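This is what each chain is made of:
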Amino acid sequence: MRLSESTIAIVGLGLMGGSLALALRGKCARLVGVARRPEVATRATRTQVVDAAGCGISETVRDADLVIVVVPAFAHAPVLQYISPYLKDGAVLGSMPTRGGFEFELPAYFGGPGDAWRLTIVGFQTLPWSTRIAVPGKVVRFIASKARVFMASRPASEAAVLAHEFSRLLGTDAVPVGGFFNMTLGNPGQFIHPGLMYGFFRDWAGEEYDSDSIPMFYADVTDEMGDFVQSLSLDALGVARAIEERGDGRLQADGVLPALDWLRMSYPSSTADPSTVGSCFRTGPIQERKAPMISTPSGSYVPDFNYRYLTEDVPFVLVVTRAIAELMDVPTPAIDEVIEWAQARMGAEYLVQGSVRGVDTRGLPIPQNQGISTSSELLRWYLEAETTA
């Protein structure tokens, strides 16, 4: 497939999807979009972000050669359910970014892990860029581009061709890795966002901030906080290596990196001091972002514990990693510490007495919710899914 000659549909035209549309504009034969709200679809068409947009799934995606789902992780399952009947045979279905457990959501709509599917699946570990809205509804600011982004495909035999095509389209080096478990365990957002929220606010006791005292989310990271983010990533790396070691040589954990290695890979030319995780944040390309806050009636600010850095990255990524770790019997002390703190702040329940069986794990894309209860079953699932042609 030559994506430059294809019809590409983007499902989700928010900040992430709109940014992707701007990056792809003029680089494919036709670019269409699906939005939840009619005014968003109308604006995307009027401003020529896409060639056409609407709220109807069927008429938008049925002729697409490539459909890219760009929605928050909690919306993956309903979106997959809506679009699956309308995807044409031979189409490519992509997810950007592919949050934790995406691989466990696919079988409900496309067949079991050992089945031959009628389309190709491709996932990206992160977005190729960091973006922010400059003018709501009109202008998106591209803050930093990543040099490399990991991706996986099913079947794996399509990975090299798709990586070449996406590298040309996105202007970022798309690097194929050994299967979708790399997308789940290696997703850096699960370490960085909850890890830094924990670092800044683990001892928060109700104090309020004025606008000048709100911490800069990356520029104010201490070395201690950076070391803790590194510890979170090393927990996940231990899980990935356990899968690799027990995968009969067919499961490669080449897309799960320590946080420091990932930061150096992603921003090699835009980080002044890449010596530690903390220095990467303090001297990296994203300096203006403040920690998420909500305003109080008095006009001051308090931490926003319902921001996506916790409400999305914890249940839909970090908890999935922890659930896989539990099946593989790999200890994850740093991950446990963050989940226990975050669930208390959010009023949720994921970990109960050291086990992923809290009431709020129901409906999450964890392997246990697919009936997988042992390491042998998990490894068999991955081996069947990653090696099916």
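Quick summary incoming for the structure in this document. Here the structure is a predicted model, which means the values were calculated and not measured.

1. Things to note about the overall build of the protein
- When helices and strands are tallied, the protein shows 16 helices and 14 strands.
- Computed over C-alpha atoms, the radius of gyration of the protein comes to 20 Å, within 12% of the 21 Å expected from 2.2 N^0.38 for 389 residues, which places it in the range of a compact globule.
- The principal-axis extent of the C-alpha atoms belonging to the protein is close to 55 × 50 × 40 Å.
- Among the 389 residues that make up the protein, the fraction classed as buried is 59%.
- Of the contacts made within the protein by residues no fewer than 6 positions apart, 70% connect residues no fewer than 24 positions apart.
- Surface summary for the protein: the accessible area is close to 15,600 Å², and the carbon and sulfur share equals 49%.
- If the 33 positive side-chain charges of the protein are averaged to one point and the 43 negative ones to another, these points end up 8 Å apart.

2. Quick notes on the pairing of strand β4 (residues 66-69)
- Neither face of β4 is exposed, since L66 and I68 on one face and V67 and V69 on the opposite face are all buried.
- Two elements, strand β1 (residues 7-11) and β4, share four bridges in a ladder whose sense is parallel. Bridged to I10 within β4 is I68.
- Note: β4 against strand β5 (residues 92-95), four bridges, orientation parallel. Residue pairing across strands places V69 opposite S95, the latter belonging to β5.

3. As for unusual backbone geometry
- Residue P97 follows M96 across a cis peptide bond; omega there is -10°.
- Positionally, P97 belongs in the loop between β5 and α5 (102-105).
- The residue after R154, namely P155, is reached through a cis peptide bond having omega 5°.
- Of note, P155 is situated in the loop between β9 (148-154) and α7 (159-170).
- Although it is not a glycine, D248 sits at a positive phi angle of roughly 55°.
- By secondary structure assignment, the location of D248 is in the loop between α10 (223-245) and α11 (259-266).
- Here the phi dihedral of Q353 falls at roughly 50°; this positive angle occurs in a residue that is not glycine.
- Within the secondary structure, Q353 is located in the loop between β13 (351-352) and β14 (355-356).
- Of the residues examined, Q353 reaches a relative accessible area of 76% and is grouped as exposed.

4. Some words on the packing of aromatic side chains
- All chains considered together, the criterion is met by 19 aromatic pairs.
- Relative to Y218, the ring of F217 has its centre 5.1 Å away and its plane inclined at 75°; by these criteria the two rings are edge-to-face. Per residue, the accessibility class of F217 equals that of Y218, and both read buried.

5. With respect to the environment of G238
- Assignment of secondary structure puts G238 in helix α10.
- For the pair formed by G238 and T332, sequence separation is 94 residues and the distance between their alpha carbons is 8.3 Å.

6. Observations concerning the sheet that holds β5
- Overall, mixed pairing links the eight strands, which are arranged β3-β2-β1-β4-β5-β6-β9-β10 in an open sheet. One side of each edge strand has no neighbouring strand; the edge strands of this open sheet are β3 (52-54) and β10 (173-176). Strand after strand, the sheet turns through a mean of 25° between neighbouring axes, direction not considered.
- Bridging between strand β6 (residues 120-124) and β9 involves four bridges; their strand directions are antiparallel. Looking at the pairing, I121 lines up with R154 of β9.

7. Brief notes about the pattern of salt bridges
- Per the stated rule, a full pass over the model turns up eleven salt bridges.
- A salt bridge links R322 to E326; the nearest nitrogen and oxygen atoms lie 3.0 Å apart. On the criterion of helical spacing, the pair formed by R322 and E326 is a turn pair, its members being four residues apart in helix α14 (residues 314-328).
- R322 gets classed as buried once you look at its relative accessible area, which sits at 7%.
- D336 is the salt-bridge partner of R322, the closest N and O atoms lying 2.6 Å from each other. Of this pair, R322 sits in helix α14 while D336 sits in helix α15 (residues 333-346), and the two are 14 residues apart along the sequence. In this structure, R322 and D336 share a single accessibility class: buried.
- Three or more residues are tied together by salt bridges with common partners; here these are R202, D203 and E224.

Definitions and limits used
Residues numbered from 1 in each chain as written. Predicted model: local features only at pLDDT ≥ 70, side-chain atom pairs only at ≥ 80, totals over all residues. Heavy atoms only, no water. Helix = DSSP H or I, 4+ residues; strand = E, 2+ residues; numbered from the N terminus. Rg over C-alpha atoms; globule rule 2.2 N^0.38 Å. Buried < 20%, exposed > 50% of the residue type's maximum accessible area, 1.4 Å probe, protein only. Contact = heavy atoms within 4.5 Å. Areas by Shrake-Rupley, 256 points an atom, 1.4 Å probe, with all protein chains shown as cover. Lys, Arg positive; Asp, Glu negative; His and termini not counted. Charge placed at Lys NZ, Arg CZ, Asp CG, Glu CD. Pairing = 2+ DSSP bridges. Phe/Tyr/Trp six-rings, centres within 6.5 Å; stacked < 30°, edge-to-face > 60°. Axes fitted to C-alpha atoms, helices over the stretch in contact; angles between N-to-C directions. Salt bridge = Lys/Arg side-chain N within 4 Å of Asp/Glu carboxyl O.

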